[in-house]
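Observations on the three-dimensional arrangement
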Amino acid sequence: MLIMKYLLEQPCWQMRLQDTFALPYMQKLEAFLQGEHDAGKIIYPKSEHVFQALNTTAFNQVKVVILGQDPYHGEGQAHGLCFSVPPDIRMPPSLKNIYKELHQDLGVTMPNHGCLQAWAERGVLLLNSVLTVEQGKAASHQNKGWEQFTDKIIALINDEKEHVVFILWGAYAQKKGAFIDASKHLVIHGLHPSPLSAHRGFFGQHYFSQTNIYLEQHGLTTIDWTLPEQEEVCKQLELGGGSLYDIR
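To keep things clear, this report deals only with the structure shown in the data block.

1. Some thoughts on the side chain of T150
Note that T150 resides in helix α7 (residues 146-160). The class for T150 is buried, based on a relative accessible area of 0%. Once residues lying within four places of it in the same chain are set aside, the contact partners of T150 are L127, N128, S129, L131 and K176.

2. Concerning the environment of S197
Position of S197 among the secondary structure elements: in the loop between β6 (186-190) and α9 (207-217). With 173 residues separating them in the primary sequence, S197 and P24 have C-alpha atoms 37 Å apart. With sequence-adjacent residues up to four places away left out, S197 is seen in contact with L191, H192 and F202. In this structure the side chain of S197 is engaged in a polar contact, spanning 2.6 Å, whose partner is the backbone oxygen of H192.

3. Section: the pattern of salt bridges
On inspection of all chains with the given rule, the structure shows 5 salt bridges. Put simply, R16 and E160 hold a salt bridge, and the shortest N to O gap is 2.9 Å. Highlighted residues: R16 in helix α2 (residues 11-17) and E160 in helix α7, separated in sequence by 144 residues.

4. Focus: the packing of helix α5 (residues 93-106) against α9
At a minimum axis separation of 7 Å, α5 and α9 run at an interaxial angle of 55 degrees. If you check the angle between α5 and α9, you find them oblique. Touching I98, E101, L102, D105 and L106 of α5 are Y207, F208 and S209, all from α9. Class assignment of the residues belonging to the contact of α5 with α9 gives a composition of 5 nonpolar, 1 polar and 2 charged.

Rules and cut-offs
Residues numbered from 1 in each chain as written. Predicted model: local features only at pLDDT ≥ 70, side-chain atom pairs only at ≥ 80, totals over all residues. Heavy atoms only, no water. Helix = DSSP H or I, 4+ residues; strand = E, 2+ residues; numbered from the N terminus. Buried < 20%, exposed > 50% of the residue type's maximum accessible area, 1.4 Å probe, protein only. Contact = heavy atoms within 4.5 Å. Polar contact = N/O pair within 3.5 Å; in protein donor to acceptor, adjacent residues only side chain to side chain. Salt bridge = Lys/Arg side-chain N within 4 Å of Asp/Glu carboxyl O. Axes fitted to C-alpha atoms, helices over the stretch in contact; angles between N-to-C directions. Parallel < 35°, antiparallel > 145°, perpendicular 65-115°, else oblique. Nonpolar A, V, L, I, M, F, W, Y, C, P; charged D, E, K, R; others polar.

On their own, these measurements won't tell you what the molecule is for.
Next comes the structure, spelled out in structure tokens:
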């Protein structure tokens, strides 16, 4: 496992978070991850993708924050963006429900893959609360320090920016975002899109149109929520089209 601070490549995030890596809780977290690696455990995502969300969406570009909980723990799924999987990986059920709501809300054609890289490149920070997980063991890296680190990220956005849309799906995300200043940001609450809760009120809440209306009202460009087709995404990645991860 490389030293974590060197995995964070985005300069505007480096500047704001460089001192954080020296704090005791981050040093303890890194020691834990190194120990897991040395013990031969498989950790997702790959180390170079741990900060994919921050490396793709620069601080100055953040318009929307979608909060997740943990990375997917199945082989090949996690690539550092919450709710997202590489384009050649089977689409998770929660993401299917997000796409259904997007289609109902804005009429966007249902994508044929689960890669949300395009959203991240357009200013949507797709941030999990915990950034690593052991293979096959959901929530295995909770309470190791990641939550404090991602709280810091949210606090920086909350304090230094204005008119950001925070989309908080489920009780976990809503608790984590409870300190966000709703007087200068839009905070949208909803049920989690998982099959267990989606039909109890997730659908029909117009998260995406609400976001764009708010951004437009404050003189900001709206988010293009459409996604390229799977073949186009795979081709871009094969050609090295600016992507920070591989899809093997």
